[in-house]
Amino acid sequence: MDDSARLTERFEEHRPHLRAVAYRMLGSISEAEDAVQEGWLRFGRTDVSGVENLAGWLTTVVARVCLNMLRSREQRREDPLESRMPDPVISPASGVVDPEQEVLLADSVGLALMVVLESLTPAERLAFVLHDMFAVPFDEIAEMIERTPAATRQLASRARRRVQGQAPAPDPDLARQREVVAAFFAAARDGDFEALVGVLDPDVVLRSDGGVVRARHTVALHGARTVAGQAITFGKLSPFARPALINGTPGVTVVANGRPMSVMAFTVTNGRIVAIDVLADPERLSALDLNH
């Protein structure tokens, strides 16, 4: 094996891990691929013969690329942070996940958690993702953001509090989660307002991203009765809803007459729905494979 092939093989060993890091950092599958590709280019231009921990070195390189992308995105951002829905990772309802998706979702990174990550500053997101999800030491993260380790620890702590407050962990029983989501759609289909309220947490939040084309679908609704009222209005779409796993938790894809309408992810905690996250942007939906 020549040197070029050996370098390629070494990088490819770490690609799945690097994609997982980049996806959590960026919330975009295509941008994550771009960040990993930039990592590959830098890897090819660098003498790594003296690098003892190649996985750590590559993680740092890709994380720096992602940080720059986040900062650039923040500077040009025109839409509110809370209206941006990350790219969903969609799997069949059967739970059979292809290996690439399995790596992306290895730590049960539900869509609700990814939404909260979108609201963090680039430095907070880097500190939280690298430390809490990938166990990178604070002193290494501190160098990337030009902060002290103590200040970096505070950034991660602040991000962690926001995540714990706004993205509660889903119930571990996937079958039970599915039952709750099925009850939600049955009530929406039947127009049963009280039944809808019954499966929703009193403080449930519904977040929807309609993009530019469906700007009126970009909303954030709070409270069981408010969300139930909205659910009644889209009950007519229930016949077109196909069960799926969205970032590892129960959800649906809605395709009507061959036209993708939405992807909906549900977070079920303590037997009730605490979050509903909806991607309704036609441009982004058209790029997804909804034929599950």
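Residues numbered from 1 in each chain as written. Predicted model: local features only at pLDDT ≥ 70, side-chain atom pairs only at ≥ 80, totals over all residues. Heavy atoms only, no water.

Overview of the overall build of the protein chain
Thought 1: Secondary structure summary: the protein chain contains 12 helices and 7 strands in total.
Thought 2: For 292 residues, the compact-globule formula gives about 19 Å, and the C-alpha radius of gyration of the protein chain, at 20 Å, lands near that figure.
Thought 3: A principal-axis box enclosing the C-alpha atoms of the protein chain has dimensions of 65 × 45 × 35 Å.
Thought 4: Burial statistics for the protein chain: of 292 residues in total, 48% are counted as buried.
Thought 5: Once local pairs closer than 6 in sequence are excluded, the contacts in the protein chain between residues at least 24 apart make up 66%.
Thought 6: Counting every atom, the protein chain has about 13,900 Å² of accessible surface; 51% of that belongs to carbon and sulfur.
Thought 7: With 32 positive and 40 negative side-chain charges, the protein chain shows a spacing of 5 Å between the two charge centroids. (Helix = DSSP H or I, 4+ residues; strand = E, 2+ residues; numbered from the N terminus. Rg over C-alpha atoms; globule rule 2.2 N^0.38 Å. Buried < 20%, exposed > 50% of the residue type's maximum accessible area, 1.4 Å probe, protein only. Contact = heavy atoms within 4.5 Å. Areas by Shrake-Rupley, 256 points an atom, 1.4 Å probe, with all protein chains shown as cover. Lys, Arg positive; Asp, Glu negative; His and termini not counted. Charge placed at Lys NZ, Arg CZ, Asp CG, Glu CD.)

Some points on the sheet that holds strand S6 (residues 259–269)
Thought 1: The 7 strands are arranged S1-S4-S5-S6-S7-S2-S3 in an open sheet whose pairing can be described as mixed. The open sheet has two edge strands with one neighbour each: strand S1 (90–92) and strand S3 (219–222). Here the strands of the sheet are splayed against their neighbours by 25 degrees on average, with no regard to which way each runs.
Thought 2: Relative to strand S5 (residues 249–256), strand S4 (residues 241–246) runs antiparallel, the two being bridged by 6 bridges. Across the sheet, Arg242 pairs through a bridge with Thr253, a residue of S5.
Thought 3: Contacts from helix H5 (residues 111–118) reach strand S2 (200–209), S4, S6 and strand S7 (272–279), with the element oriented near 65 degrees to S7. (Pairing = 2+ DSSP bridges. Axes fitted to C-alpha atoms, helices over the stretch in contact; angles between N-to-C directions.)

Describing the pairing of S5
In summary, the side chains of a regular strand alternate between the two faces of the sheet.
Thought 1: Buried residues dominate S5, accounting for 8 of its 8 residues.
Thought 2: Between S4 and the antiparallel strand that follows it, S5, lie 2 residues; Asn247 among them carries a positive phi value of about 50 degrees.
Thought 3: Both S5 and S6 contribute to a ladder of 6 bridges, which runs antiparallel. Within S6, the position partnered with Gly251 by the bridge is Ala265.

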